[in-house]
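Summary of structural features
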Number of protein chains: 2
Amino acid sequence: MEEKEISQAVIRRMPRYYRYLGELLDAGVERISSNDLSSRMNVTASQIRQDLNNFGGFGQQGYGYNVQYLYEEIGKILGLNTKHYVIIIGAGHLGQALANYVKFEKLGFVITALFDVDPELIGKSVRGIPILALEDLPDYVRNHTVDIATLTMPKSKADTIANELVSLGVHAIWNFAHVDLELIDKDVIVENVHLSDSLMQLSYNTVKHTKEKGKNFE
Amino acid sequence: MEEKEISQAVIRRMPRYYRYLGELLDAGVERISSNDLSSRMNVTASQIRQDLNNFGGFGQQGYGYNVQYLYEEIGKILGLNTKHYVIIIGAGHLGQALANYVKFEKLGFVITALFDVDPELIGKSVRGIPILALEDLPDYVRNHTVDIATLTMPKSKADTIANELVSLGVHAIWNFAHVDLELIDKDVIVENVHLSDSLMQLSYNTVKHTKEKGKNFE
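Residues numbered from 1 in each chain as written. Chains lettered and ligands numbered in written order. Predicted model: local features only at pLDDT ≥ 70, side-chain atom pairs only at ≥ 80, totals over all residues.

Let us look at the sheet that holds strand 4 (residues 109–116) of chain A. Residues and elements named next belong to chain A. With mixed pairing, the 7 strands of this open sheet are ordered in space as 5-6-4-3-7-8-9. A strand with exactly one partner marks an edge of an open sheet, and here the two such strands are strand 5 (125–126) and strand 9 (189–192). Two strands pair when backbone bridges link them, and strand 3 (residues 84–89) and strand 4 are joined in this way by 6 bridges, in the parallel orientation. Bridge assignment links His-84 to a residue of strand 4, and that residue is Phe-109. Packed on one face of the sheet, helix 8 (residues 155–167) meets strand 3, strand 7 (148–151) and strand 8 (172–175) and runs near 170° to strand 7. (Pairing = 2+ DSSP bridges. Helix = DSSP H or I, 4+ residues; strand = E, 2+ residues; numbered from the N terminus. Contact = placed C-beta atoms within 7 Å. Axes fitted to C-alpha atoms, helices over the stretch in contact; angles between N-to-C directions.)

Written out as structure tokens, the structure reads:
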């Protein structure tokens, strides 16, 4: 396949395609036109064709997409054809909630350990996944494959631990700490989930919406 | 203030400004130039000026921004000057993790109740917030202010409950269920947090990054 620079906007839509195709598969659908896929997904058919053309197409004119094939190909594009070993730093409520998601494992993301500083948590486990002492993190990373480190600890410690992880050779960080990480080594992929930001965006849109509705009654 | 249509891209940056300004306030900084703010936030100074001009400016030429004032004004824009009452449907690990976030309350998002169908959970509480029976949801919504409903239940039930909430008058949904909601009434604000999608995007970027690094050694 040709390598082109593909925009993050396209990449952001790919998991959604993957999700919808998975649902179609579950429902026993074998073939779908870009028009049908588009009306289900609420994007235009031309958007779908354009997005998929970035990766070489997959559709036959007038014949639609083979659901199973497209599902697998998008899975490969997203790197879901290999396992990714994931650790979670911070075994508080959020860390434990993430460790409990069996869904992630089905997608190939295998959570192997959680780390915390709380003596009450260390030695326990979540769904069979051990909670280890944070001080054992360097040893663990040296002796195990760690593809992705998930940060759910307080933001005050996030930079230090993130930089330590990177210096240990971890190059992908899934960051839930409420801070934009300042990394010394820039050769790292960071994906942020800022829950408060998301809530504020919802709040903005809600307030705006209420104002607009209010206007209609003026 | 003039009302204009402001793009979601701008809105998405506002919580980040708010976060950085909050950090500056905590650090005792009273005034900051758009250049300094820009180098801290890793966006261009002209982007910052442009973004803030959507809301009327706030800066004085050559004199920078008053941190406290700008923080408060952005807070108002984001609707953080009023309380938002939030319920959570699904008191599993994620629901409980969200209920435990004291940070949300500081921003004005007050979680008043969780709902679940699990008899083991009903009657318990999280940080003093009661877990109620899902069947009591309609009564609860009729008798309490509910500005935002958070969905953390399995995706199979998400559409039904979301539509019920909307019919009860809830007009903002914070959706963690791994599905794009199909709402009958379109007059609803939905903000999605699709954790698997985020993980897949990270995976894509990691695989791509590894490939590119591999090429350098060819």
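Taken together, 7 strands build an open sheet; the order of strands is 5-6-4-3-7-8-9 (chain B) and the sheet is mixed. Pairing within the sheet leaves two strands with one partner each, and these edge strands are strand 5 (125–126) and strand 9 (189–192) of chain B.

Looking now at the confidence of the model for chain A. On average, chain A scores 90 in pLDDT, and the residues at 70 or more come to 94%. Interface predicted TM-score (ipTM) for the complex: 0.89; the corresponding pTM is 0.90. (pLDDT = per-residue confidence, 0-100.)

Now for the packing of helix 1 (residues 8–26) of chain B against helix 4 (residues 67–77) of chain B. Residues and elements named next belong to chain B. Direction vectors running N to C along helix 1 and helix 4 enclose 145°, while the axes themselves pass 9 Å from each other. Crossing handedness for the pair helix 1 and helix 4: left-handed. In this structure, helix 1 contributes Met-14, Tyr-17, Tyr-18, Leu-21, Gly-22, Leu-24 and Leu-25 to the contact, and helix 4 contributes Val-67, Gln-68, Leu-70, Tyr-71, Ile-74, Gly-75 and Ile-77. For the contact of helix 1 with helix 4, the class distribution of residues is 11 nonpolar, 3 polar and no charged. (Left-handed = near helix turned anticlockwise from the far one by under 90°. Nonpolar A, V, L, I, M, F, W, Y, C, P; charged D, E, K, R; others polar.)

Contacts between the two partners involve 43 residues from chain A, matched on the other side by 43 residues from chain B. Broken down by secondary-structure element, the contributors of at least two residues to the side of chain A that touches chain B are helix 1 (8–26), helix 5 (93–99), helix 6 (102–106), strand 8, strand 9 and helix 9 (195–216) of chain A. Split by residue class, the side of chain A that touches chain B holds 23 nonpolar, 14 polar and 6 charged.

Splitting chain A by domain gives domain 1 (8–77) and domain 2 (84–197). Distance from the C-alpha centre of domain 1 of chain A to the C-alpha centre of domain 2 of chain A: 32 Å. (Domains from an automatic or database assignment.)

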